[in-house]
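The chain contents come next:
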Amino acid sequence: MTFARRLVLGTILVLFFTVLVLVWAAERSLRRDLEADIAASLEREARLVREALPPDSTRWAATVGRLARENGIRITLLERSGRVRADSDLPTIAGTPPESLLAEPEVKAALAGGRFTHVRREARGEARMYAAVAGGPGVIRVATSLAQVDETVRRAQAAVAGGAAVALAVGTALALVAGRSITQPLTALVSTARAIAAGSLPRFPRSGIPDIDTLVQALRQMHRQLADRFEELRRERAESAALVEAMTEGVIATDGRGRIATANAAARRLLGYADDESLPDLPELFRAKAAREVVNVALEGKVVQNREVDLDGSVLLVNARPLVSGGALLVLHDLTEVRRLEAVRRDFVANVSHELKTPLTSISGYAETILTDHPEPEITRRFLETILSNARRMQRLVDDLLDLSRIEAGRWQPDIESVDLATAAQDVWGTLGDRATQRGVTLTVDAGSSHVPADADALRQILTNLIDNSLRHTPPGGRITCRARVDGDGVVVAVADTGTGIASDHLPRIFERFYRADLSRSREEGGTGLGLAIVKHLVEAHGGRVWAESERGRGATVSFWLPTPSIAIPT
């Protein structure tokens, strides 16, 4: 039931019961007042009858009849014995002693010297009021009908009922108006509350009713506070989402049923899912058994810390903990690169140790021989030359390591200028001329007037490593060619030889540190295994790229591309 109906119905019920109470109270009050007036009138008339009775008792019947007719009342004269001496309504019963009259209350009161009025209904249902006083033969009793009182009361009740009906109708109409005036702003408040709940712009009504206006003001203030808090929550949620999305670790949050509620871009990348691809439930997300065990433990409400799992070739560090609201939070850290770098570090240490061990062993052995055996001067000289050669080899290794470390750390930046490739290549060949002459290897530079945009010292080091590497792998009578050509927005420089070549399965790894396609040949020639790695890092520091092409027994070609800067380079 609506508030308006409750209000109208409640008002009608209140008015109805009020009218009933008023009618009942008015009827009781009016009847009591009328009966009191009639009682007082009957007592007066009884006293008047006592005064009007003649001394001659034979005339009492006539006098009683006359007075009764004149006043419209019933008059009865009784002796103390209860014998009726005269009765205006029953003149024929005079002298009869109806014993019942002595038991009437008004008669008893009169015989006792007091006065008393009494109302009782006759056999015909008519209500009469009786009053008695001492006098005459003993008791004078008068009585009158109360029909007039009942009629007056009925007319009064009818008048009150009519007025009550009018009041009820008017009250109902006013209740309808009042209910509508109250319910309309309340209904508007309901719409306002729904708009606030829906997040749309609310409209606050004006009712003119102080209590409702106070409620409207409180609702308006609540809306402002909620808007401020929602804005703060949205800002915090956006910041949290941005932080989660910016994390390099993968973050996955699930509900109590294991359904994924949040997964940032890093988690999707680690698990191989696209940004717009739907994710399965957490128990079905991982295919690796170790990862599924971690998930099961987390969904059971237990904490998992620093658990490493292998997932499709990647190494993930998984941490998980239950959420207070149910579900679990998983943080995935990709350790693949860390483990690879650790492996590289181990290999690097092992390779450096191995590279240093061989010359150190030679130096130590020859030096010990010289100290203990005191060989002939010619043999001593040959031993010392071997010691010097191995020391220089270690020096080259240390220098190459320092150069590689400096380049990788970013502490070196190229100073780009236009370098004449032919001149640079001839300068490098000049430092290697003795070895080349001994082996009968020739160098051909096919660069024309090409100028390469590069750091001059870096370019010479690149050419030195490439030409020296080709010289070590080119048999006597072979040829090395250095050529250049313009390619798009840069210049391609290639160093080709007619040497033994490189097997295709070795080509992807020849730019790794200490990697040798022909281990025995490289050691015989004194290579450090770092030349091509230095070339790769120097070229990439220029923003270029390097690659190799070769077939076993048909020589090798190592090429690198250097970009042409957008600014003018002084020549």
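This text follows the structure it describes.
Residues numbered from 1 in each chain as written. Predicted model: local features only at pLDDT ≥ 70, side-chain atom pairs only at ≥ 80, totals over all residues. Heavy atoms only, no water.

Caption draft 1: Structural view of the overall build of the protein. Across its full length, the protein carries 14 helices and 17 strands. Overall, the protein is about 200 × 60 × 35 Å in size when its C-alpha atoms are taken along their principal axes. Looking at the protein residue by residue over its 571 residues, the buried ones come to 36%. Only carbon and sulfur atoms are counted for the fraction: they give 54% of the accessible area of the protein, which is about 32,900 Å². Across the protein, 72 positive and 73 negative side-chain charges occur, with their mean positions spaced 12 Å apart. (Helix = DSSP H or I, 4+ residues; strand = E, 2+ residues; numbered from the N terminus. Buried < 20%, exposed > 50% of the residue type's maximum accessible area, 1.4 Å probe, protein only. Areas by Shrake-Rupley, 256 points an atom, 1.4 Å probe, with all protein chains shown as cover. Lys, Arg positive; Asp, Glu negative; His and termini not counted. Charge placed at Lys NZ, Arg CZ, Asp CG, Glu CD.)

Caption draft 2: View of the sheet that holds strand β17 (residues 556-563). Reading across from one edge, β12-β14-β15-β17-β16 is the order of the five strands in this open sheet, with mixed pairing throughout. The open sheet is flanked by β12 (442-446) and β16 (545-550), the only strands paired with a single partner. With strand direction ignored, the average angle separating the axes of adjacent strands in the sheet is 15 degrees. As defined by bridge partners, β16 adjoins β17 across six bridges and the pair is classed as antiparallel. When the sheet's bridge partners are listed, Val546 is paired in β17 with Phe560. Where helix α10 (residues 421-431) meets the sheet, it contacts β12, β14 (479-487) and β15 (490-497), and its direction lies at approximately 170 degrees from that of β12. Against the sheet, helix α12 (residues 456-473) engages β14, β15 and β17, with an angle of about 25 degrees to β15. (Pairing = 2+ DSSP bridges. Axes fitted to C-alpha atoms, helices over the stretch in contact; angles between N-to-C directions. Contact = heavy atoms within 4.5 Å.)

Caption draft 3: The packing of helix α4 (residues 147-198) against helix α5 (residues 210-246), seen in detail. Their axes nearest at 11 Å, the elements α4 and α5 cross at an angle of 5 degrees. Our classification of the angle between α4 and α5 gives roughly parallel. Contacts between α4 and α5 involve Ile182, Pro185, Leu186, Leu189, Thr192 and Ile196 from the former and Ile212, Leu215, Val216, Leu219, His223 and Leu226 from the latter. Each residue belonging to the contact of α4 with α5 can be placed in one class, and the counts come to ten nonpolar, two polar and no charged. (Parallel < 35°, antiparallel > 145°, perpendicular 65-115°, else oblique. Nonpolar A, V, L, I, M, F, W, Y, C, P; charged D, E, K, R; others polar.)

Caption draft 4: The arrangement of the nonpolar core in detail. With 51 residues, the main nonpolar core has Leu463, Val493 and Phe560 as its most contacted residues. Not counting chain neighbours up to four residues away, the residues in contact with Leu463 comprise Leu421, Ala424, Ala425, Val428, Asp468, Cys482, Val493 and Val495. (Core = buried A, V, L, I, M, F, W, Y, C linked by side-chain atoms within 4.5 Å.)

Caption draft 5: Spotlight on the pattern of salt bridges. Tallying each qualifying case throughout the model produces 13 salt bridges. Each of the salt bridges in this network shares a partner with another, and the network as a whole consists of Glu79, Arg83 and Arg85. (Salt bridge = Lys/Arg side-chain N within 4 Å of Asp/Glu carboxyl O.)

Caption draft 6: Summary view of the packing of α10 against α12. Across the interface, α10 lies against α12 with an axial gap of 9 Å and an inter-helix angle of 55 degrees. Considering their axes alone, α10 and α12 lie oblique with respect to each other. For the pair α10 and α12, the crossing hand works out as right-handed. Side by side, α10 and α12 meet where Leu421, Ala424, Ala425, Asp427, Val428 and Trp429 of the first sit next to Arg460, Leu463, Thr464, Ile467 and Leu471 of the second. Among the residues making up the contact of α10 with α12, the classes are represented as eight nonpolar, one polar and two charged. (Left-handed = near helix turned anticlockwise from the far one by under 90°.)

Caption draft 7: Region of interest: the sheet that holds strand β6 (residues 250-254). Ordered in space as β7-β6-β10-β9-β8, the five strands form an open sheet in which the pairing is antiparallel. The open sheet is flanked by β7 (260-263) and β8 (304-311), the only strands paired with a single partner. With strand direction ignored, the average angle separating the axes of adjacent strands in the sheet is 20 degrees. Sheet topology note: the β6/β7 ladder contains three bridges and is antiparallel. Bridge pairing in β7 places Ile252 opposite Ala263.

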